[in-house]
Amino acid sequence: MAPRKKALVLSGGGGRGAYHIGVLEALVAQGWMEDGKGPDIIAGTSIGAINAAAIASGLTIAQLKQRWMAMHTEDVHRLSSDLPAVARPLLRFLMRSVLTSDAHGGAQMQLPEAERGLSPQGLFDRLGQLFRTRPFRSLLDTTPWRYTLSHWLDFERINSPDAPALLLTATELQSGALQIFCNRRIKERPEERLTIEHLMASSSIPIVYPWTEIGRGKYWDGALLANTPLGSVIDLAGGEDVDILVVMMTPWNADDNELRRLADNRQMPDDLVQALTLTLDWTLLASYRAAVKMLRRSNQLAEAAAKLARAADLTGDESLRMTGPIPPRISEPTVIAPEKLIPLDWIIDYEEQNHQVLFTQGRADAERVLGLRVGGRG
């Protein structure tokens, strides 16, 4: 009997993607996946797509850590050139925490001299230019990210038979439809040659980052619709039961009261960037909860079909047998996620000290969850 396939699903979460690296370190240490190779299937959305592609490129955990530690905010994004020139100095100051890393003097940035003497109305007029910008695509420009990733990834290997199946998601602007990009055939969809454009599309956070064009399509972050594309992973497994391991960056199974308690210990959004990142945070969580709910419903249908088939066999009454396509029963994924909320700003703030904290947290959470799995309690 062929060994059961393994699938790794990496969620979105921007700069918090360093958490994935700590998890991967634990997965390699415990033998769940091979370093520099990965499992049979890797699916990723947003920063999860980036880390998934890095694994498919053959990068080891040590190499991934080195790249994350060498990466700062300036290597990911900068203020968008779409914004009006008159508002740019002030916006650069107001968004300094997500534009300049501490390693490059971000903490010392001062309000531009030209803006210091402005009246409240003058400041308001400056910012008002932002909302009257035509055309407007994004607050930040991701040209630095393209350059950074071009030195991370080996697309020849990603698109070779030696790489694991790599599945990426994006949201099409024109239709709102979920788009799946994959280096393998999924049902009737042919395999696609993946490029850096597919990764940029999957990680184009709406409003914050510009959309990405691929052919005639325009795409935003896949996390809007499928932060964890379980259905596509199951399709890629060919209907076989598959050992799915999902890495989230939000406490996924806490109820509303528990999330409120956790939020009491975290600063609530007090600026535009924090409000946008919190919105994305809850979108990511809702997306996974919907995916799990759908999987459970599918399994219930599969179990009901099996019971009816047994009844038909025992009684000879074929009318009991369910007709039409019957989904296979798929084991519910194992989820590795933090027990506490990660700070809001970290989603678009790439700092060495943040990465170190997230490496440690990801490894500890993975060891905790995998320990429960081995012990038969989760």
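The structure presented is a predicted model; accordingly, all values stated were derived computationally and were not measured.

### A word on the overall build of the protein
The helix and strand inventory of the protein stands at 13 helices and ten strands. Taking all 378 residues of the protein together, 51% fall into the buried category. Only carbon and sulfur atoms are counted for the fraction: they give 53% of the accessible area of the protein, which is about 17500 Å².

### Structural notes on empty space enclosed by the protein
The tally for this structure, following the rule as stated, stands at two cavities of 30 Å³ or more. Here the largest cavity is characterised by a volume of approximately 70 Å³. Considering the residues around the largest cavity, the lining is formed by Gly14, Ser46, Ile47, Ile50, Val76, Trp145, Ser203, Ile205, Tyr209 and Tyr350. When the residues that make up the lining of the largest cavity are grouped by side-chain class, the tally is seven nonpolar, three polar and no charged.

### A few points about the environment of arginine 137
Within the element layout of this structure, arginine 137 appears in the loop between helix H6 (120-131) and strand E4 (140-141). Those residues in contact with arginine 137 that sit more than four places away from it in its chain are Asp82, Ile207, Tyr209, Pro210 and Trp211.

### With respect to the pairing of strand E2 (residues 41-44)
Every second residue of E2 is oriented toward a common face, with Ile41 and Ala43 on one face and Ile42 and Gly44 on the other, all of them buried. Alignment of strand E1 (residues 5-10) against E2, held across four bridges, turns out to be parallel. Along E2, the bridge assignment pairs leucine 8 with isoleucine 42. Since E1 and E2 lie parallel, the crossover through helix H1 (residues 18-29) that links them has a hand, and here it is right-handed. Across four bridges, the pairing between E2 and strand E5 (residues 165-172) is parallel.

### A short note on the pattern of salt bridges
Within the structure shown, the criterion is met by 13 salt bridges. With a closest N to O distance of 3.4 Å, glutamate 25 and arginine 363 form a salt bridge. With glutamate 25 in helix H1 and arginine 363 in helix H13 (residues 352-374), this pair connects stretches of sequence that are 338 residues apart. The class of arginine 363 is partly exposed, set by a relative accessible area of 26%. Arginine 146 is the salt-bridge partner of glutamate 197, the closest N and O atoms lying 2.6 Å from each other. In this pair, glutamate 197 is assigned in helix H9 (residues 196-202) and arginine 146 in helix H7 (residues 143-150), connecting sequence segments 51 residues apart. Judged by its relative accessible area of 24%, glutamate 197 is partly exposed.

### Points about the nonpolar core
Leu8, Leu24, Leu27, Trp68, Trp152 and Leu166 are the most contacted members of the largest nonpolar core, which totals 64 residues. Residue contributions to this core peak at eight residues, all from helix H2 (residues 47-56). Those residues in contact with leucine 8 that sit more than four places away from it in its chain are Leu24, Leu27, Trp32, Met33, Pro39, Ile41, Ile42, Ala43, Ile55, Leu245 and Val247. Within the second largest apolar cluster, 25 residues are counted, among which are Leu230, Val242, Ile244 and Val335.

### Describing H1
Over its twelve residues, H1 runs 17 Å from end to end, which matches the ideal 16 Å to within 8%, given 1.5 Å per residue. Within H1, nine of the twelve residues are buried, leaving the element largely enclosed by the surrounding structure. Those residues of H1 not exposed but buried are Ala18, Tyr19, His20, Ile21, Gly22, Val23, Leu24, Ala26 and Leu27. Glycine 31 sits one or two positions beyond H1 and adopts a positive phi of about 80°.

### Digging into unusual backbone geometry
One non-glycine residue, serine 46, lies in positive phi territory at about 60°. Mapped onto the elements of the fold, serine 46 is located in the loop between E2 and H2. A residue is classified by how much of its surface remains accessible, and serine 46, at 5% relative accessible area, is buried.

### Some remarks on the packing of aromatic side chains
With the rule as written, the count across this model stands at five aromatic pairs. Plain terms: the ring middles of tryptophan 68 and tyrosine 350 are 6.1 Å apart, the flat faces sit at 25° to each other, and that makes the pair stacked. Taken together, the residues span a long stretch of sequence, with tryptophan 68 in helix H3 (residues 61-70) and tyrosine 350 in the loop between strand E10 (334-336) and H13 at a distance of 282 residues. Residue classification places tryptophan 68 among the buried positions, given a relative accessible area of 0%. A relative accessible area of 3% means that tyrosine 350 is categorised as buried. Put simply, the rings of Trp68, Trp145, Trp152 and Tyr350 pair up and form one aromatic cluster.

### Side note on the packing of H1 against H2
Where H1 contacts H2, the two axes come as close as 10 Å, and the packing angle between them is 40°. As the angle between them shows, H1 and H2 are arranged oblique. Between H1 and H2 the crossing geometry is right-handed. Residues His20, Ile21 and Leu24 of H1 touch H2, and the partners they reach there are Ile47, Gly48, Asn51 and Ile55. Considered class by class, the residues forming the contact of H1 with H2 number four nonpolar, three polar and no charged.

Analysis parameters
Residues numbered from 1 in each chain as written. Predicted model: local features only at pLDDT ≥ 70, side-chain atom pairs only at ≥ 80, totals over all residues. Heavy atoms only, no water. Helix = DSSP H or I, 4+ residues; strand = E, 2+ residues; numbered from the N terminus. Buried < 20%, exposed > 50% of the residue type's maximum accessible area, 1.4 Å probe, protein only. Areas by Shrake-Rupley, 256 points an atom, 1.4 Å probe, with all protein chains shown as cover. 1 Å grid on protein atoms, 1.4 Å probe; cavity = no way out; pocket = protein on both sides within 12 Å on 5 of 7 lines; lining within 4 Å. Points joined across faces, edges and corners; volume = space filled by probe spheres on them. Nonpolar A, V, L, I, M, F, W, Y, C, P; charged D, E, K, R; others polar. Contact = heavy atoms within 4.5 Å. Pairing = 2+ DSSP bridges. Right-handed = clockwise from strand over helix to strand, strands pointing away. Salt bridge = Lys/Arg side-chain N within 4 Å of Asp/Glu carboxyl O. Core = buried A, V, L, I, M, F, W, Y, C linked by side-chain atoms within 4.5 Å. Expected span 1.5 Å × (residues − 1). Phe/Tyr/Trp six-rings, centres within 6.5 Å; stacked < 30°, edge-to-face > 60°. Axes fitted to C-alpha atoms, helices over the stretch in contact; angles between N-to-C directions. Parallel < 35°, antiparallel > 145°, perpendicular 65-115°, else oblique. Left-handed = near helix turned anticlockwise from the far one by under 90°.

No statement about biological role is implied by the geometric values presented.
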